[in-house]
Amino acid sequence: MIALTSEGLVASAQSTDLKVGNFRSLPWSDNLFDGAVDIEAIYANPVPVIHAVIREAKRVLKPGGWFFAKMFGSKTTGATSGKRLDARTTENPTRGPLAGTGVTHVFTEREIRKIFAIFSELRLDWVHRSDKDGACEFFEWLVQARK
Ligand SMILES: C[S@@+](CC[C@H](N)C(=O)[O-])C[C@H]1O[C@@H](n2cnc3c(N)ncnc32)[C@H](O)[C@@H]1O
């Protein structure tokens with residue numbers, strides 16, 4: 001058993017197919033899952049990988065399945081500080097909540113809508129919150145995309 005019990009969920013080696021690896025290439029067949037979730041992990045990749053991962057997520061979803069994602073927005077404090085790889089990808093931001101976290105890509109609404117255009121339906125919300133007594137601001141996209 002793993003620590004999903006606090007959520008009322010049960011997982012065991014018998015009942016669950018848990019894998020560790022690079023999600024750029026998912027080790028599952030097409031049209032398998034009802035849902036897929038990304039909580040601020042895809043953003044930590046260069047743009048070509050981000051596009052590939054989202055195509056992979058769509059591939060493994062059943063028709064009508066949902067992809068849920070939480071992704072950092074471009075207005076997040078310090079998001080493009082540090083060494084830039086492109087307009088919104090930084091090798092290691094030097095300021096803000098993403099400082100020192102490695103490759104970081106932050107998204108605009110237009111970009112999210114473009115990337116998820118391969119899905120049949122997109123619902124987009126966002127969260128704006130502060131941290132460290134208001135010194136850092138987080139902008140996070142909440143993406144729901146249906147295959
Ligand atoms: C900010 S953490 C978020 C982790 C977790 N989702 C959470 O909410 O606590 C980002 C994670 O994404 C993982 N990650 C980034 N790119 C990845 C990739 N291409 N394949 C697999 N994992 C990746 C990193 O190893 C890291 O654990």
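These numbers were taken from a predicted model, which means no experiment stands behind them. Residue numbers here run from 1 along each chain, matching the order of that chain's written sequence. Under the rules for a predicted model, residues below a pLDDT of 70 receive no local features and side-chain atom pairs below 80 are neither given nor counted, while totals for whole chains, interfaces and linings still include all residues. For the side-chain quantities, the full set of heavy atoms in the structure was used; hydrogens and water were omitted.

Peer 1: Looking at this structure, I do not really get the overall build of the protein. What am I missing?
Peer 2: Counting secondary structure elements, the protein contains two helices and seven strands. Strands here are runs of E lasting at least two residues and helices are runs of H or I lasting at least four, both read from the DSSP assignment and numbered beginning at the N terminus. Secondary structure elements in the protein, listed N-terminal to C-terminal, are β-α-β-β-β-β-α-β-β. The principal-axis extents of the C-alpha atoms in the protein amount to approximately 45 × 35 × 25 Å. Expressed as a percentage of the 147 residues in the protein, the buried residues total 36%. Long-range pairs, those at least 24 residues apart, make up 60% of the contacts in the protein between residues at least 6 apart in sequence. Residue burial considers only the protein chains on display, and all accessible areas are found by Shrake-Rupley using a 1.4 Å probe. Roughly 8600 Å² of accessible area belongs to the protein as shown, and the carbon and sulfur atoms make up 53% of that amount. Residues scored as positive are Lys and Arg, those scored as negative are Asp and Glu, and His as well as the terminal groups of each chain are ignored. To locate a charge, take NZ of a lysine, CZ of an arginine, CG of an aspartate or CD of a glutamate. On the protein, the mean spot of the 20 positive side-chain charges and the mean spot of the 17 negative ones are 6 Å from each other. Burial status follows relative accessibility: with a 1.4 Å probe on protein chains alone, a residue under 20% of its type maximum counts as buried, one over 50% as exposed, and anything between as partly exposed. Any two residues having at least one pair of non-hydrogen atoms within 4.5 Å are treated as being in contact.

Peer 1: How should I be thinking about the sheet that holds strand 3 (residues 84-86) in this particular structure?
Peer 2: Strands pair in a sheet through their backbones, by hydrogen bonds, and they do so in one of two ways: parallel or antiparallel. Any two strands between which DSSP finds at least two bridges are classified as paired. Spatially, three strands are ordered 3-4-5 in an open sheet, and the strand pairing comes out antiparallel. Taken across any chain shown, the strands that pair with only one partner, and hence form the sheet edges, are strand 3 and strand 5 (104-105). Two elements, strand 3 and strand 4 (residues 89-90), share two bridges in a ladder whose sense is antiparallel. When the bridges of strand 4 are listed, Arg84 appears paired with Thr90.

Peer 1: What's the story with unusual backbone geometry in this structure? I'm lost.
Peer 2: A negative phi angle characterises most non-glycine residues, just as the trans form characterises most peptide bonds. The backbone of Asn31 shows a phi angle near 55°, a positive value even though the residue is not glycine. Along the chain, the position of Asn31 falls in the segment before strand 1 (33-39). The class for Asn31 is partly exposed, based on a relative accessible area of 41%. The residue Asp133 is not glycine, and still its phi comes out positive at about 55°.

Peer 1: Explain the sheet that holds strand 2 (residues 61-72) to me, please; I cannot follow it from the model alone.
Peer 2: The sheet built from four strands is open, its strands ordered 1-2-7-6 with mixed pairing. Of all strands in the sheet, those with a lone pairing partner are strand 1 and strand 6 (121-131), marking the two edges. For this sheet the average axis-to-axis angle between neighbouring strands, irrespective of direction, equals 10°. When strand 6 meets strand 7 (residues 136-146), the two strands line up antiparallel, connected through eleven bridges. Looking across to strand 7, one finds that Arg129 is bridged to Phe138. The angle between two axes is taken between their N-to-C directions and runs from 0 to 180 degrees, where each axis is a line fitted to C-alpha atoms and a helix contributes only its stretch in contact. The strands touched by helix 1 (residues 47-60) are strand 1 and strand 2; relative to strand 2, the strand with the most contacts, the crossing angle is about 150°.

Shape is all these values report; function is a separate question.
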